[in-house]
Amino acid sequence: MKSLKNIHSESVPIGTDLDIARSALEAGQLVAVPTETVYGLAGNALNEAAVSRIFAVKNRPTFDPLIIHVADKALLNKWAVDVDDRAWKLAEAFWPGPLTLLLPKADSIPDLVTAGSPRVAIRIPAHPLTLELLGELSFPLAAPSANPFGYISPTTPEHVAAQLQKGVAYILNGGSCRVGIESTIVGFEEGEVIIYRAGGLPIEKIETVVGKVSLKPHSSSNPAAPGMLKSHYAPRTPFQLGVVAELAKAFSSQEVGIIRYREYLAGIPENQQIILSAVGNLEEAARNLFSGMRALDALQLRCILAEPVPDEGLGRAINDRLRRAAAR
Ligand code: TXA
Ligand code: MG
């Protein structure tokens, strides 16, 4: 067992000092930054050493490309080329916000960032601290979610600190993430608008701007989205998705954790249960999902049982994350 003192002395500084964050990033170091979706592990996207460090710290395979974060829509024309009209419309409607656009990349974006793909993923995050930071930098920030590869994305600075220590210079404290689930990734193929990852911007909202979209199921064999692996966002505890009242019959009440939308399951201690939103609000459910998964994982139970939420609005992204957690 480590003593508390040891844990403390190894921990990464957490604070709201933008000067510290900026200097570290300018020196090629990594800073965890808040966004409205999840915390990102950020580095200078134009500095290959910094980008390599991101992959190393996360233990992420280099075939899984990184999103770049910018502060201004006009930069689409700097870091991407041949920007589709519909991309401009979406940017106008939803940025800053939980939308990532996949566009043909400018030569100045290192291949390491896009894992060799000719397309780059770009977004403007809606968090005042990170927007201010981006406004002070002369380069975009490459930032994947600030968790070890394959684990649950962090929605508080404490989540980041609990799992990433070495190689992170500073954690910029922006509180709890307001959306709580990663951005929706949108691209354009032969005239079609494609959703590569359901996320914090509901598909219904996207369709009000660009009309009908197609969903491209993520998989490790999908070259358009190499990193969107089937098994992802997973707690360490075995995870099952289905009708929890049925699944729970195979376990004793002390052995299982439960994730449900609105109501506790009778017969299981309530401290082993996460209710995503008692009032049935999918935004609230999204906000509670990852911290709930973490809390149950920490109990080291035999199994976590989860039930899908209504498959509409943010519910699609929530169900997608639950399926991936179960695919492990
Ligand atoms: O909300 C978010 O998107 C958060 C915050 C920090 O911005 N970021 C995030 O990054 O979720 P990450 O790396 O955990 O997930 C990004 C996903 C990966 O599945 C990756 O494969 C995909 O985006 N992606 C990034 N660049 C891509 C590219 N050029 N082509 C295809 N997929 C790409
Ligand atoms: Mg991630």
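Residues numbered from 1 in each chain as written. Chains lettered and ligands numbered in written order. Predicted model: local features only at pLDDT ≥ 70, side-chain atom pairs only at ≥ 80, totals over all residues. Heavy atoms only, no water.

### Some remarks on the pairing of strand E9 (residues 184-189)
One face of the sheet, then the other: side chains in a regular strand alternate in exactly this way.
Inference 1: Counting buried positions along E9 yields five of six residues, so the element is predominantly enclosed.
Inference 2: Pairing of strand E5 (residues 99-104) with E9, which is carried by three bridges, proceeds in the parallel orientation. Each bridged residue has a counterpart across the sheet, and for Thr-100 the counterpart in E9 is Ile-185.
Inference 3: Pairing of E9 with strand E10 (residues 192-197), which is carried by five bridges, proceeds in the antiparallel orientation. Counted as the bridge partner of Ile-185 is Arg-197 from E10.
Inference 4: If you look at the hairpin formed by E9 and E10, you'll find two residues sitting between the two strands, and Glu-190 has a positive phi there, around 45 degrees. (Buried < 20%, exposed > 50% of the residue type's maximum accessible area, 1.4 Å probe, protein only. Helix = DSSP H or I, 4+ residues; strand = E, 2+ residues; numbered from the N terminus. Pairing = 2+ DSSP bridges.)

### What to know about helix H12 (residues 315-326)
Inference 1: Given a rise of 1.5 Å per residue, 12 residues ought to cover 16 Å, and the 16 Å separating the end C-alpha atoms of H12 matches this to within 8%.
Inference 2: Counted residue by residue, H12 has nine buried out of 12 residues, so it is predominantly covered.
Inference 3: When H12 is considered as a whole, its buried residues turn out to be Gly-315, Ala-317, Ile-318, Asn-319, Asp-320, Arg-321, Leu-322, Arg-324 and Ala-325.
Inference 4: Contacts made by the buried residues of H12 are with E10, strand E12 (239-241), helix H11 (282-298) and strand E15 (303-306). (Expected span 1.5 Å × (residues − 1). Contact = heavy atoms within 4.5 Å.)

### Points about empty space enclosed by the protein
Inference 1: Summed over all chains, the structure comprises two cavities of 30 Å³ or more.
Inference 2: Its boundaries defined by the atoms lining it, the second largest cavity holds a volume of some 40 Å³.
Inference 3: Looking at the second largest cavity, the residues that line it are Thr-184, Ala-198, Gly-199, Leu-201, Pro-202, Ile-203, Gly-313, Arg-316 and Ala-317. (1 Å grid on protein atoms, 1.4 Å probe; cavity = no way out; pocket = protein on both sides within 12 Å on 5 of 7 lines; lining within 4 Å. Points joined across faces, edges and corners; volume = space filled by probe spheres on them.)

### Description of unusual backbone geometry
Inference 1: Note that the residue after Trp-95, namely Pro-96, is joined by a cis bond; omega there is -10 degrees.
Inference 2: Assignment of secondary structure puts Pro-96 in the loop between helix H5 (85-94) and E5.
Inference 3: One non-glycine residue, Asn-59, adopts positive backbone phi at about 60 degrees.
Inference 4: Residue position: Asn-59 is located in the loop between helix H3 (48-58) and strand E4 (67-69).

### Things to note about the confidence of the model for the protein
Inference 1: For the protein, per-residue confidence averages 93 on the pLDDT scale, and 93% of positions sit at 70 or higher.
Inference 2: Within the model, the stretch residues 1-8 combines pLDDT values under 50 with two contacts to residues more than four positions away or in other chains. (pLDDT = per-residue confidence, 0-100.)

### Quick notes on the sheet that holds E15
Inference 1: Reading across the sheet, the four strands line up as E12-E15-E13-E14 and stay open at both edges, with parallel pairing between neighbours. Edge positions in the sheet fall to E12 and strand E14 (273-275), since each has one partner strand and no second. For this sheet, the mean angle separating the axes of adjacent strands, direction not counted, is 15 degrees.
Inference 2: Here three bridges tie E12 to E15, and the two strands are oriented parallel to one another. Paired with Leu-241 across the bridge in E15 is Ala-306. (Axes fitted to C-alpha atoms, helices over the stretch in contact; angles between N-to-C directions.)

### Remarks on the site of ligand 1
Inference 1: Neighbouring ligand 1 are 26 residues, the closest being Thr-37, Asp-64, His-69, Arg-119 and Ser-183.
Inference 2: At 2.7 Å, a side-chain N or O of Thr-37 approaches an oxygen atom of ligand 1.
Inference 3: Here Asp-64 contributes a side-chain N or O atom positioned 2.7 Å from an oxygen atom of ligand 1.
Inference 4: For ligand 1, whose accessible area on its own is 670 Å², the fraction buried by protein is 97%.
Inference 5: At the level of secondary structure, the elements contributing two or more residues to the shell around ligand 1 comprise E4 and strand E6 (119-123).
Inference 6: Broken down by element, the residue count for the shell around ligand 1 peaks at four residues, all from E6. (Near = heavy atom within 4 Å. Polar contact = N/O pair within 3.5 Å; in protein donor to acceptor, adjacent residues only side chain to side chain. Areas by Shrake-Rupley, 256 points an atom, 1.4 Å probe, with all protein chains shown as cover.)

### Description of the pattern of salt bridges
Inference 1: Under the defined criterion, the tally for this structure stands at 16 salt bridges.
Inference 2: Connected through shared salt-bridge partners, Asp-19, Arg-22, Glu-26 and Glu-136 make up one network. (Salt bridge = Lys/Arg side-chain N within 4 Å of Asp/Glu carboxyl O.)

### Observations regarding the sheet that holds strand E11 (residues 214-215)
Inference 1: Read from one edge of the open sheet, 11 strands run E1-E8-E2-E3-E7-E4-E6-E5-E9-E10-E11, paired in mixed fashion. One side of each edge strand has no neighbouring strand; the edge strands of this open sheet are strand E1 (14-15) and E11.
Inference 2: With three bridges connecting them, E4 and E6 associate as parallel partners. Within E6, the position partnered with His-69 by the bridge is Arg-123.
Inference 3: Sheet contacts for helix H7 (residues 128-136): strand E2 (31-33), E4, strand E7 (141-142) and strand E8 (170-172); angle to E8, the most-contacted strand, approximately 120 degrees.
Inference 4: Along the sheet, helix H9 (residues 203-210) contacts E9, E10 and E11; its crossing angle with E10, the most-contacted strand, is approximately 160 degrees.

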